[in-house]
Each structure stands twice: as structure tokens, then as C-alpha cells.
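If you want the building blocks of each chain, they are given just below.
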Amino acid sequence: MAAESFVKNLKKSAVAALWLSFLTMPIMVIRVDTVEKTIAWRWMHLVWMLVGSFVFALAWHFLMDRRDRGGAATDANVEPTPSRFAVWLANPRVNRPLMALGLLFATAFPFLFSVYQTNILISALIYVVLGLGLNITVGLAGLLDLGYVAFYAVGAYAYALLNHHFHLGFWAVLPVGGILGAFFGILLGFPVLRLRGDYLAIVTLGFGEIVRLVLQNWDAFSFGPSGVSNIDRPGFFGITYSVDQATTYIYYLALLGVLLAIFVSGRLKDSRVGRAWLALREDEIACQAMGIDNTKAKLLAFAMGATFAGFMGVVFAAKTTYINPASFTFMESAMILAIVVLGGMGSIPGVILGAFLLMLLPEYMRAFSQYRMLLFGATMILVMVFRPQGLIRARRKIYKVNINTVDKA
Amino acid sequence: MSETRRDAVLSVRNMSMNFGGLRALSEVDFEVRKGEVVALIGPNGAGKTTFFNCITGIYAPTEGEVLATARDGKTRRINGMRTNLVCELGMARTFQNIRLFASMTALENVMIGRHCRTREGLFGAIFRGPGTRREEQEVVDKSYRLLQKVGLENVANEYASNLPYGAQRRLEIARALATEPFLLLLDEPAAGMNPQETLELKEMVIQIRHEFDVSVLLIEHDMKMVMSLSDRIYVMEYGRVIATGTPAEVSADPEVIRAYLGEESDA
Ligand SMILES: Nc1ncnc2c1ncn2[C@@H]1O[C@H](COP(=O)(O)OP(=O)(O)OP(=O)(O)O)[C@@H](O)[C@H]1O
Ligand SMILES: [Mg+2]
């Protein structure tokens, strides 16, 4: 059986390799030199092409077979039993020390590494929070929001403009950013209450673009494409400090933000509200038929996700001290969504992992920066084919039943 | 037509439902009384599920009136009422094509049913004070007890999608019961069950009716179950109620025999 399918795969791969080599021959093999008026036949390229595509196709078929042999386990409707690694990781005896270690490392980071590294990590931390925020809207409530960056922009501009015009400090504007984020979340939520899936995605995408275009074109309000500069760094009890110290300070702020975001979204996930979101994602009609107010649940999900982005917008503006609309393009929304999808919809550790992978890998692989988008796209496709549930699958909480009260009844 | 009896929990008068040119329900009069088990039967496409959708607010009926008398004794007109409010009022349903929340555990599915009977909000969820914790524990315990009632306590932490078919149907019933209904609406609860499971289901419905003091309205194709379980039966064909009465009356009705022998020979 296995041998049979292996031979079949060999044949398929050989055919694929032959075809690809044939099709790409004109560009891969023949080289016309117009200056010397000669034609070079680079047959070696053909061999490379053949071998390369054959190996690639074989690997692909092998992986597909393995996936299909998993059978029901990869069926989207069936929850597989967790892998042994996942069980091991879920054990508090294992993950508690790991988390403590991670936190210790994170705390010591600015003293161990350069300011440059710290700055990179701040961006990653901001994206962790953004990912966790979008994870509420998309991962838990299942509302595909492609304009998420708009709320980030709202927070950032709230701080930039209030600081520019009224010299309000970071701490004064931070709650304002969060509240404005929530407000805009509800503003977006209302018109899209009845929309689902693709339609919802299109409208939210439009919303994101509207916010960006308004910021870009309304010179009198937002200073247009040139943006706002000289934004104050966060105050620290009126003490003045150097730029390097500011980086360290903002790093700890971002870290605190991440911890808070983990805490809040963790609590929400396993609460009455979070379960309602999940039910909404799983089956809107059944959800409503079981007495859940869909409207309320949806607006709450939009508002909650947007609040995270509003807060982080303020932090972002304080970090860079300069913002313009170019920081809030659709690419950012797509990136945050990719973090959620790659990491695992609804899974908090998954989203954290996703954010670090997508934010840090490109930084440390500058050598491949030309191929950045190519690698990004290829990674996403591979993940979607082989791990549609994301790197870390969301697991549901096991509730502890109070046996005594149950027995009494 | 008939006067609404004092003990009716659901009374539908002259209800019609049009889908464009298709008249799926036509001038339906219907009544369920307190404590009754009423069955709604009829050939495929007769409009039974549409009837459920109309009285639970999923569709707004084109014409007619739906009145429900909740546990508080007040009678309200509920046509076009939002589905979640109908449920909150006390009419809970199951679905013909099972609609569980697949990636939630069996216990959580039942816990969703408790949603409209609990109040914990956003801040309660985040700060998880003693009040919230008490309410959560109550939800968990009550839901677990309901799982025990339908015999699913051993799979409480299994994902709903991993349960066998019969168990999924029973889980839907437990989920509906969690909303504390006065009227339980079951859309083909025995579909896809083997005879043994159907028998157990019947026992369960009888027990639930007594224990939870609910009226039951069920759509069902299994005649043996319908005949032995229900107090009264409504027969529907092409969106009209063609007969109503006790099982004995209905099975002797020439109209019903014609409708069934014409369409389905196993009646
Ligand atoms: N949303 C809808 N739009 C248009 N037509 C519909 C809609 N829902 C139901 N119908 C039509 O109404 C009729 C009654 O359908 P319904 O599902 O109520 O039948 P049923 O009695 O439940 O049948 P079954 O025993 O097969 O479940 C069918 O002809 C169906 O096609
Ligand atoms: Mg039906």
C-alpha cells in the first residue's frame, strides 16, 4: 500500500518535473546575447530545474499523503486529540516554569541587548497586543475585520494631535486612546451587523481605507501625508531622561501592555462573554436561538478588539515620536490578521508565537529581504494547507464541576 | 377558529408564511397547552420546520398571530420578535440539521444555554470577583446536571463535533433545557437514531416533561414514537393543517391516511 502510493508519487513528480522544465526551458536554458549576437545553451540549468522540481514535487506529495492519512484528524469539523507535545506543554508543571523563564528573559532584555535590539522587540510586543486584540474580533467572535489598523491609527493620532495642540501627556491620553478605539469599533460595528464572511471583510477593509484616506487628505486636521512630528515621549514623574533610557522605558510599557492583554483576553476567553463570542463564531443562528443577543455580542467584540488597538496606537506614537498615514496601510491590517491566522485563531499562545515569528524573522533575515513577500506568501500557503488551525490550536478550558452540589441535587 | 383556552402556552392563529410566490404555511391554527406533548407530523416539505422558524422569530410570519404565555402567566404577541428574546421568554428549540457549537465542549454547549439566565458582563469577566465566580460555578454545575439528565456526563469535556450522532441530538436537548423553557420545541429529535436510541429518547422526553414541567412540541417522522408519546397530533400537508386530534383520532382520519399513503408508504 505504502510502496504503491510511493511509486505513484514518483511518477506524478517525474511528470510534473518534466513539464515544468519544458515550460521554463526558454527562460532557464536559452540565453540570447544581443551584443555578441550569440545564443548560449545552458543545459546545466535544465538539470537543476529537473532535479529541483522533482524533489520539491515528491516532498509535496509525501506531505499531502501524510496529511490525508491523518484523515478525520485534519477535517475542519473534527477536533483531533491533542498531540503529546501539546499535552506536555499544557501541564502547569511544565508551562509555569517556562513562562517564568520567558518573563525573566523579557524583563532583563534591555540590559542584555542593544538599544537597536530593544527597539525591534518593542515593535514585536506592540504587534503581540494588536494580534491579541484582533484575536478577540476574528479569532473568538469570528468577525473577519480587515480594517483593524484603523483603530491603531485612531489611538496614535489621538495622542499625536492632543499632544500637539494641547500638550497633553502620554498618561492622560492613554485612556482616551482606548476609549476612542472602542468608540470607533462600535461605529464600525453598527453598519456591518448584518454582514457576514466576505461582505464583512470588504466593508471593514473599506473602513480601514476611509480612516487612512481621511488622515491623509484632511490637512487642517491631521497635517496630511506629512503627519505629526515631535510627539512627546511618555513622562516619568517629570524626570527628564535620555533617548536610550526612553527606549527602555517604552519597552517596559509595551511589556506591561502585553501582560495586561494576555490577562484580559485570557479571562474573557473562558467567561460568559467569551463563550457567547465563540458560539457566535460557530453558528450565528443557533447562537441567537439559544438566547444570545447577537447584536450586543458583535458590538462588544468589535469594541473590545479596537480598544487594544487604540491603546497600542498611543504607545506607538510615543515610541516613534513621529507618525504619518503611511504607518496605517492595509498591509498592517493584513500583517496583524496573518499573525492571528498563522498563530491559531482564538489561541493566545498561538497569537504570541505568530507575532514574534512574523515580526522578528524578517528583521533577522535581512539577507533575504528581497524575497520577504515571497517567503511570507509561501509560508502562509503552507500553513493553510498543512495546519489550517494555526501553529498552536486553541483548546477549550476544562471546567471543574463542583461534585458536592451536583450530588446533592 | 377555536377560542384560546386558558391553559394554552402557545396559540397560533391564522398564520401564513410566504417565500416570494411559495406559500409555505397557509392559515395555520395551532395550540399547545400546559404540560402537553404535541406532535407535528407531515410529509417532507410540508412546512413543519418553517412553522418552527416562524414561531421562534427566525422568520417573521407574513400573516397571523403568535401568542405565548410564559411562566409569569402573561400572554404576549411574539410574531417577529427577535429570536433571542423568544428564547429568553421561554421557548427553546433544537434543530433538524444539528446545530451545535462544534469547537466547544459538550459542557460548554449547555453552558451557552445558561447565557440568557445569567448576567455576568465584561468587567465581571475581567476582574472575576466573588459574584462572578459564584455565578460561573453555578452555570457549570447546572449544565453538568443537565448533561447527567441526558446521559452525557461522561463526555462533558469532549468537543461537540466528536460526539456520535445520537449523543449530539441529546446534547441539543440539554442545551435547550438549560434556557429554562416553558415550551420545548424538538425538530425531528429521533432522526438518524436506531430503534433502541429512539426508545430511550422517548423515555427521556417523558421524564423531562415531568421533571422540568415543560410542554413539548415535536416534529417527528417516527410514527411509533409519535403515537405512543403525544397527547395530541397536528398533521400538516402543503403548509396546511389537514387534521388534528388524539393519536387514535388522527390515525383513523381518512385525509391523513390519504396524505400518508400517497407520499410515504411506511406510515
Ligand atoms: N428560507 C426559505 N426560502 C424559500 N423557501 C423555503 C425556505 N424555507 C423553507 N422553504 C420551503 O418551504 C417548504 C417547507 O419546508 P420545510 O423545511 O418547512 O419542510 P418540512 O416539513 O420541515 O420538511 P422535512 O420533513 O423535510 O423537514 C419547502 O418547499 C421549502 O422548500
Ligand atoms: Mg423540517
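Right above here is the structure, for reference.
Thresholds applied
Residues numbered from 1 in each chain as written. Chains lettered and ligands numbered in written order. Predicted model: local features only at pLDDT ≥ 70, side-chain atom pairs only at ≥ 80, totals over all residues. Heavy atoms only, no water. Near = heavy atom within 4 Å. Polar contact = N/O pair within 3.5 Å; in protein donor to acceptor, adjacent residues only side chain to side chain. Areas by Shrake-Rupley, 256 points an atom, 1.4 Å probe, with all protein chains shown as cover. Helix = DSSP H or I, 4+ residues; strand = E, 2+ residues; numbered from the N terminus. Nonpolar A, V, L, I, M, F, W, Y, C, P; charged D, E, K, R; others polar. Donors = N, O, S within 2.8 Å, 3.2 Å for Na, K, Ca; no water. Pairing = 2+ DSSP bridges. Axes fitted to C-alpha atoms, helices over the stretch in contact; angles between N-to-C directions. Contact = heavy atoms within 4.5 Å. Phe/Tyr/Trp six-rings, centres within 6.5 Å; stacked < 30°, edge-to-face > 60°. Lys NZ or Arg CZ within 6 Å of the ring centre and 35° of its normal. Salt bridge = Lys/Arg side-chain N within 4 Å of Asp/Glu carboxyl O.

Q: I'm lost on the site of ligand 1 in this one. Help?
A: All names here are of chain B. Lining the immediate surroundings of ligand 1 are 14 residues, of which Gly 45, Lys 48, Thr 49, Thr 50 and Gln 96 lie closest. Side-chain polar atom of Lys 48 to an oxygen atom of ligand 1: 2.8 Å apart, as the coordinates give it. Within the side chain of His 221, a nitrogen or oxygen atom sits 3.1 Å from an oxygen atom of ligand 1. Burial of ligand 1 by the protein amounts to 64% of the accessible area it has alone, namely 640 Å². Elements that contribute at least two residues to the shell around ligand 1 include exactly strand E2 (22–33) and helix H1 (48–55). At 3 residues, H1 tops the list of elements feeding residues into the shell around ligand 1. Residues that form the shell around ligand 1 fall into these classes: 5 nonpolar, 7 polar and 2 charged.

Q: Explain the coordination of the magnesium ion (ligand 2) here, please?
A: For a metal with four tetrahedral donors the ideal donor-metal-donor angle is 109.5 degrees, whereas six octahedral donors ideally subtend 90 or 180 degrees. The protein atoms that coordinate the magnesium ion (ligand 2) are Thr 49 of chain B (OG1) and Gln 96 of chain B (OE1), at distances spanning 1.9 to 2.1 Å. Of this pair, Thr 49 of chain B sits in helix H1 while Gln 96 of chain B sits in the loop between strand E6 (91–93) and helix H3 (106–113), and the two are 47 residues apart along the sequence.

Q: What is the right way to look at the sheet that holds strand E1 (residues 8–19) of chain B in this model?
A: The pairing of strands in a sheet happens through backbone hydrogen bonds and is either parallel or antiparallel. All names here are of chain B. Ordered in space as E2-E1-E4-E5, the 4 strands form an open sheet in which the pairing is antiparallel. Edge positions in the sheet fall to E2 and strand E5 (75–77), since each has one partner strand and no second. Direction aside, the axes of adjacent strands within the sheet are offset by 20° on average. Together, E1, E2 and strand E4 (63–69) form the strand contacts of H1, whose direction differs from that of E1 by roughly 115°.

Q: What exactly am I supposed to notice about the packing of aromatic side chains here?
A: Two measures describe an aromatic ring pair: the distance that separates the ring centres and the angle between the ring planes. A complete count under the given rule lists 21 aromatic pairs over all chains for this structure. Every member of this aromatic cluster is reached through a ring pair, and the members are Phe 105, Phe 109, Phe 113, Tyr 251 and Tyr 252 of chain A. It is Arg 175 of chain B that lies over the ring of Phe 101 of chain B; its NZ or CZ is 4.8 Å from the centre.

Q: Hey, could you run me through the interface of chain A and chain B in this one?
A: When the parts of a complex come together, some accessible area is lost, and that lost area is often taken as the interface size. Listed as interface residues are 43 residues of chain A and, on the opposing side, 45 residues of chain B. Inspection of the chain A/chain B interface yields 4 salt bridges. Here Arg 99 of chain B makes a salt bridge to Asp 283 of chain A, at a shortest N to O gap of 2.7 Å. Our enumeration of links across chain A and chain B arrives at 18 residue pairs in polar contact (both at pLDDT 80 or more). When contributions to the side of chain A that touches chain B are tallied by element, the ones reaching two or more residues are helix H10 (243–269), helix H11 (272–282), helix H12 (284–289), helix H13 (294–320) and helix H17 (403–408) of chain A. Top contributing element to the side of chain A that touches chain B by residue count: H11 of chain A, with 8 residues. Considering only residue class, the side of chain A that touches chain B consists of 22 nonpolar, 8 polar and 13 charged.

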